[in-house]
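The lines below spell out each chain.
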Amino acid sequence: MTPQARVVALTGAGISAASGIPTFRGKGGLYKNLHAQDLATPEAFARDPATVWEWYGWRRDLVRRARPNAAHRALRELSELVGRLDIITQNVDGLHEQTGLAGEGGIVRLHGSLWRMRCTRCGREVEDRSAGPYPPDLPHCSCGGLMRPAVVWFGEQLASEDLDEAGALTRHADVFLVVGTSAVVYPAAGFLGLASQQGAFVAEFNLEAAASGPEIGLRVTGPSEETLPALVDAVRKRRKV
Ligand SMILES: NC(=O)c1ccc[n+]([C@@H]2O[C@H](COP(=O)([O-])OP(=O)(O)OC[C@H]3O[C@@H](n4cnc5c(N)ncnc54)[C@H](O)[C@@H]3O)[C@@H](O)[C@H]2O)c1
Ligand SMILES: [Zn+2]
């Protein structure tokens, strides 16, 4: 890695697993026997907003107690060692924001935030860090409309400015790290193909081989809270020689 290297990390639920937040498709990813795909959809919310808000109340409780782990911290440290590091995250937990990044790098949150809600009637969006909300007291807007979590659900479009920003970062990456994501949810999953087409070296950090295809230049199998700190150590050692 040259000092000017531009590194982009695409992260998913796996990077927050060691912080106590279960991944969607892994063990503990079910809520009352329901899959995320049964809860995180506009149809599920239209049918049964109380159950969807109950699930979000449970997730907010988990995330409020969670702290960044060694993998989040390693990305911060890497951002101090390379020319520039940006993060494209599918996570809504805000843990990358807690460690922050050095230099000019930024964090693109593709799927929104657990701490924001949006009115289903007038579209007003507000930050809300309160406990819950728990049914039957569902949150309402001043216009009387029902509030929903301001996250991107299955079957919904990502915000075009976030997509554009993530695409631009991906096209300029020299090194593209794919961390803790099953890499199956598009369009996020398409970024690793784009990165490789544009000449980036793509490395996957996952418990198992998740992303497939010739674009993966290196696969580092293991928990990212161990493998990313090892990467940082290796970069540091190279700097010293
Ligand atoms: N809007 C919603 O509420 C909702 C719900 C479900 C999924 N989704 C979206 O789908 C996206 C894609 O899912 P995803 O890929 O983030 O999560 P995922 O649960 O599909 O995959 C998690 C990945 O992390 C890996 N992993 C687990 N523990 C790890 C560890 N300690 N170190 C390294 N890797 C580890 C697993 O092997 C797996 O490949 C989600 O991020 C999410 O935004 C959204
Ligand atoms: Zn409103």
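Remember, predicted model here, so these are calculated numbers, not experimental data. (Residues numbered from 1 in each chain as written. Chains lettered and ligands numbered in written order. Predicted model: local features only at pLDDT ≥ 70, side-chain atom pairs only at ≥ 80, totals over all residues. Heavy atoms only, no water.)

1. Observations concerning the sheet that holds strand S8 (residues 201-206)
Strand-to-strand pairing in sheets goes through backbone hydrogen bonds, with the strands running parallel or antiparallel.
Thought 1: Here we have 6 strands laid out as an open sheet, ordered S3-S2-S1-S7-S8-S9, and parallel in their pairing. This sheet does not close on itself; its edge strands, each paired only once, are strand S3 (107-109) and strand S9 (218-221). Within this sheet the neighbouring strands show an average axis-to-axis angle of 15°, counted without direction.
Thought 2: Where strand S2 (residues 84-89) and S3 come together, 3 bridges link them in parallel fashion. Of the residues in S3, the one forming a bridge with Ile 88 is Val 108.
Thought 3: Against the sheet, helix H4 (residues 70-81) contacts strand S1 (6-11), S2 and strand S7 (175-179), and its axis sits at roughly 150° relative to S2. (Pairing = 2+ DSSP bridges. Helix = DSSP H or I, 4+ residues; strand = E, 2+ residues; numbered from the N terminus. Axes fitted to C-alpha atoms, helices over the stretch in contact; angles between N-to-C directions. Contact = heavy atoms within 4.5 Å.)

2. Here we look at the sheet that holds strand S6 (residues 147-151)
Thought 1: In spatial order, the strands read S5-S4-S6; together these 3 strands make up an open sheet with antiparallel pairing. Taken across any chain shown, the strands that pair with only one partner, and hence form the sheet edges, are strand S5 (125-127) and S6. Going across the sheet, the axis of each strand differs from the next one's by a mean of 40°, ignoring polarity.
Thought 2: Examined bridge by bridge, strand S4 (residues 112-119) and S6 share 4 bridges and lie antiparallel to one another. Residue Met 117 lies in a different strand from S6, and its bridge partner there is Pro 149.
Thought 3: Sheet strands in contact with helix H3 (residues 49-65) are S4 and S6, and its direction is about 145° off that of S4.

3. Let's talk about the site of ligand 1
Thought 1: In the region of ligand 1, 29 residues are neighbours, and Arg 25, His 111, Thr 181, Ser 182 and Asn 206 sit closest.
Thought 2: Contact between ligand 1 and Val 152: a nitrogen atom at 2.8 Å from a main-chain N or O atom of the residue.
Thought 3: Across the complex, the protein chains shield 94% of the 840 Å² of accessible surface that ligand 1 would expose by itself.
Thought 4: Residue assignment for the shell around ligand 1 shows that the elements contributing at least two residues are H3 and helix H8 (224-240).
Thought 5: Broken down by element, the residue count for the shell around ligand 1 peaks at 3 residues, all from H3.
Thought 6: When grouped by side-chain class, the residues that make up the shell around ligand 1 number 14 nonpolar, 11 polar and 4 charged.
Thought 7: Viewed by domain, the shell around ligand 1 spans two of them, domain 1 (1-21 + 68-111 + 159-241) and domain 2 (23-65 + 115-151), each represented by three or more residues. (Near = heavy atom within 4 Å. Polar contact = N/O pair within 3.5 Å; in protein donor to acceptor, adjacent residues only side chain to side chain. Areas by Shrake-Rupley, 256 points an atom, 1.4 Å probe, with all protein chains shown as cover. Nonpolar A, V, L, I, M, F, W, Y, C, P; charged D, E, K, R; others polar. Domains from an automatic or database assignment.)

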